[in-house]
Amino acid sequence: MIWTEWGKLKEVVVGKVYDPDEVESDFLKKVLEETEEDFQVLNKIFKDAGVKVRRPDNVSLNEIKTNQWATKYPLPAICPRDFHIVYGNNILSTIGGDPNRYLESLFFYNIMNEKANEGRNFISMPKPLLPNHYANYADHDNMPLYHAANIIKCGNTLIHSRPHDTQEYADRPINQKGRGTNAGFNWVKKNIGYDVNWAEVPAAGHVDGKIALLKPGLLMIHDESLVPKEMQDWDRIVVDKHELPQHVKNRIRNDFYNEVIMKDMPHWVGFEYLPMETIFDVNVVSIDENTVITNGYNKEIFNKCKKYGIECIPFDFRHRFFWDCGIHCITLDLARDDKMENFLS
């Protein structure tokens, strides 16, 4: 069972990338090698805390073709969070609008099927008919498409972002125009399996890149206008959204956008869309309400958390800019020691 973002963590999935020998680019080999090295460090952090760690075991790079689209380089199993909502005794497997990620949830099928055999309710969203490009969610609003990372857990309330862009987001990059449709959100609400309350973060996109729930009554956020109205009385740790210096952006772009990557797999690179969707200082994972794993060391955040009795464990995910993924993205909590309680006024 699992009801919150902060209950004592008992079991977690950590993502996985392809074998570096499956790609030709020396740069990509380095990214894949170092990403897996970092995952091993993260595994140790969890195991040292007494958490059971699960990894996908069927991650190999294969071209996929259907009668609607084809992808030579589907995204690896780096983000178990994006297409799995684990709440209570239920696991909802969702799907988004990118054909390069159409079968991504299959990387985690063995883990989820094992949970189903243990008694979990495992429900998959109907497979949509996608175009041969990233689908604009506003143009496919009657099709069930939804990223599970649009939702975080708060007892008997689920915190969610808006499904897709409204006119106010018209000039934003595609990754900030939302990650789902209203049909997809309605499918989630219909199949969540419990009588829950819903609280909206007034923005589109992955909600775990905007807000973190650290313990009852305490959240961390980078933009206070995004605090749901139901949580206005919660204490806040406000994170400064530091803009990357231009020379750093240029260096990252020069590394990422070499000829091989731009020709074959630009969809792998989260940094393609500036500003990025994920604010890494907010994208954290709690081991319990007094211990949180952070993306690297931030003295200001560590000191603020310490005032609330929270110990921060720094984790250096070296290629977070390449993948546009923080620690919450690359993990999926399967079980916590907590209860379905009301934490909102």
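Residues numbered from 1 in each chain as written. Predicted model: local features only at pLDDT ≥ 70, side-chain atom pairs only at ≥ 80, totals over all residues. Heavy atoms only, no water.

K.L.:
It is not clear to me how a negative patch on the surface should be interpreted in this structure. Could you clarify?
P.N.:
A surface patch of like charges, here negative, comprises Asp19, Asp21, Glu22 and Glu33. Residue placement: aspartate 21 occurs in the loop between strand E1 (8–14) and helix H1 (26–48). (Patch = residues over 30% accessible without salt bridge, like charges linked within 9 Å, V, L, I, M, F, W, Y side chains within 5 Å. Areas by Shrake-Rupley, 256 points an atom, 1.4 Å probe, with all protein chains shown as cover. Salt bridge = Lys/Arg side-chain N within 4 Å of Asp/Glu carboxyl O. Lys, Arg positive; Asp, Glu negative; His and termini not counted. Charge placed at Lys NZ, Arg CZ, Asp CG, Glu CD. Helix = DSSP H or I, 4+ residues; strand = E, 2+ residues; numbered from the N terminus.)

K.L.:
Sorry if this is basic, but what is going on with the pattern of salt bridges here?
P.N.:
Applying the stated rule across the entire model yields 21 salt bridges. A salt bridge links glutamate 37 to arginine 318; the shortest N-O distance between them is 2.9 Å. Of this pair, glutamate 37 sits in helix H1 while arginine 318 sits in the loop between strand E16 (311–315) and helix H7 (320–323), and the two are 281 residues apart along the sequence. With a relative accessible area of 42%, glutamate 37 lands in the partly exposed category. What makes arginine 318 partly exposed here is its relative accessible area of 35%. One salt bridge in this structure joins aspartate 82 and arginine 101, with 2.7 Å as the shortest N-O distance. Residue aspartate 82 is found in the loop between strand E4 (70–71) and strand E5 (84–87), and its partner arginine 101 is found in the loop between strand E6 (90–93) and helix H2 (109–117); the two are separated by 19 residues along the sequence. (Buried < 20%, exposed > 50% of the residue type's maximum accessible area, 1.4 Å probe, protein only.)

K.L.:
Help me understand the sheet that holds strand E9 (residues 157–162) in this model?
P.N.:
Backbone hydrogen bonds hold the strands of a sheet together, and the pairing may be parallel or antiparallel. Strand order in the open sheet formed by 3 strands is E8-E9-E10, and the pairing between neighbours is mixed. Either end of the sheet is taken by a strand with one partner, and the two such strands are strand E8 (151–154) and strand E10 (197–204). The sheet shows a mean angle of 25° between the axes of neighbouring strands, direction not considered. Strand direction decides the pairing type here: E8 and E9, joined by 4 bridges, are antiparallel. Each bridged residue has a counterpart across the sheet, and for cysteine 154 the counterpart in E9 is threonine 157. (Pairing = 2+ DSSP bridges. Axes fitted to C-alpha atoms, helices over the stretch in contact; angles between N-to-C directions.)

K.L.:
Honestly, the sheet that holds E5 in this entry has me stumped. Any pointers?
P.N.:
Read across the sheet, 3 strands follow the order E5-E6-E7 without closing on themselves; strand pairing throughout is mixed. A strand with exactly one partner marks an edge of an open sheet, and here the two such strands are E5 and strand E7 (121–124). On average, each strand axis in the sheet is inclined to that of its neighbour by 15°, with strand direction left out of account. Note that E6 and E7 share 4 bridges and pair parallel. Looking across to E7, one finds that asparagine 90 is bridged to asparagine 121. Against the sheet, H2 makes contact with E5, E6 and E7, and its axis sits at roughly 135° relative to E7, the strand it touches most. Packed on one face of the sheet, helix H3 (residues 182–191) meets E5, E6 and E7 and runs near 160° to E6. (Contact = heavy atoms within 4.5 Å.)

K.L.:
In this structure, what is going on with a nonpolar patch on the surface? I would like to understand it.
P.N.:
A cluster of nonpolar side chains, namely Leu103, Leu106 and Tyr109, defines an oily patch on the protein surface of about 250 Å² accessible area. Here leucine 106 lies in the loop between E6 and H2. Looking at leucine 106, the relative accessible area reads 44%, which means it is partly exposed.

K.L.:
I tried to follow the nonpolar core on my own but got confused; where do I start?
P.N.:
Across soluble globular proteins, nonpolar side chains show a tendency to be buried alongside one another. By size, the foremost hydrophobic cluster in this structure holds 44 residues, and its most contacted members are Phe46, Ile78 and Trp323. Residue assignment for this core shows that the elements contributing at least two residues are E1, H1, H2, strand E14 (285–288), H7 and strand E17 (331–337). Examining the composition of this core, we find that 8 residues originate from one element, H1, more than from any other. What phenylalanine 46 contacts, discounting residues up to four positions off in sequence, is Leu9, Val12, Val14, Val51, Val53, Val285, Ile293 and Thr331. Of all hydrophobic cores here, the second largest spans 23 residues; its members include Ile64, Ala135, Phe185 and Trp187. (Core = buried A, V, L, I, M, F, W, Y, C linked by side-chain atoms within 4.5 Å.)

K.L.:
Help me out: how do you make sense of the state of the cysteines in this one?
P.N.:
One covalent bond between the sulfur atoms of two cysteine residues makes up a disulfide. One pass over the full model with this rule turns up 0 disulfides. Between cysteine 312, a cysteine without a disulfide, and cysteine 305, which holds the nearest cysteine sulfur, the sulfur-to-sulfur distance is 3.7 Å. Unpaired in this structure, cysteine 329 has its nearest cysteine sulfur neighbour in cysteine 325, at a distance of 4.9 Å. (Disulfide = S-S within 2.5 Å.)

K.L.:
It is not clear to me how the packing of aromatic side chains should be interpreted in this structure. Could you clarify?
P.N.:
One pair of aromatic rings is described through two measures. These are the centre distance and the angle between the planes. One pass over the full model with this rule turns up 16 aromatic pairs. Ring centres 5.0 Å apart and planes at 80° place the aromatic pair tryptophan 3 and tyrosine 194 in the edge-to-face group. Taken as a pair, tryptophan 3 in the segment before E1 and tyrosine 194 in the loop between H3 and E10 lie far apart in primary sequence, 191 residues in all. Given a relative accessible area of 8%, tryptophan 3 falls into the buried group. Residue tyrosine 194 is classed as partly exposed on the basis of its relative accessible area, which comes to 25%. Considering the side-chain rings of tyrosine 87 and tyrosine 194, the 5.8 Å spacing of their centres and the 90° angle between planes classify their relative orientation as edge-to-face. Of this pair, tyrosine 87 sits in strand E5 while tyrosine 194 sits in the loop between H3 and E10, and the two are 107 residues apart along the sequence. Residue classification places tyrosine 87 among the buried residues on the basis of a relative accessible area of 0%. (Phe/Tyr/Trp six-rings, centres within 6.5 Å; stacked < 30°, edge-to-face > 60°.)

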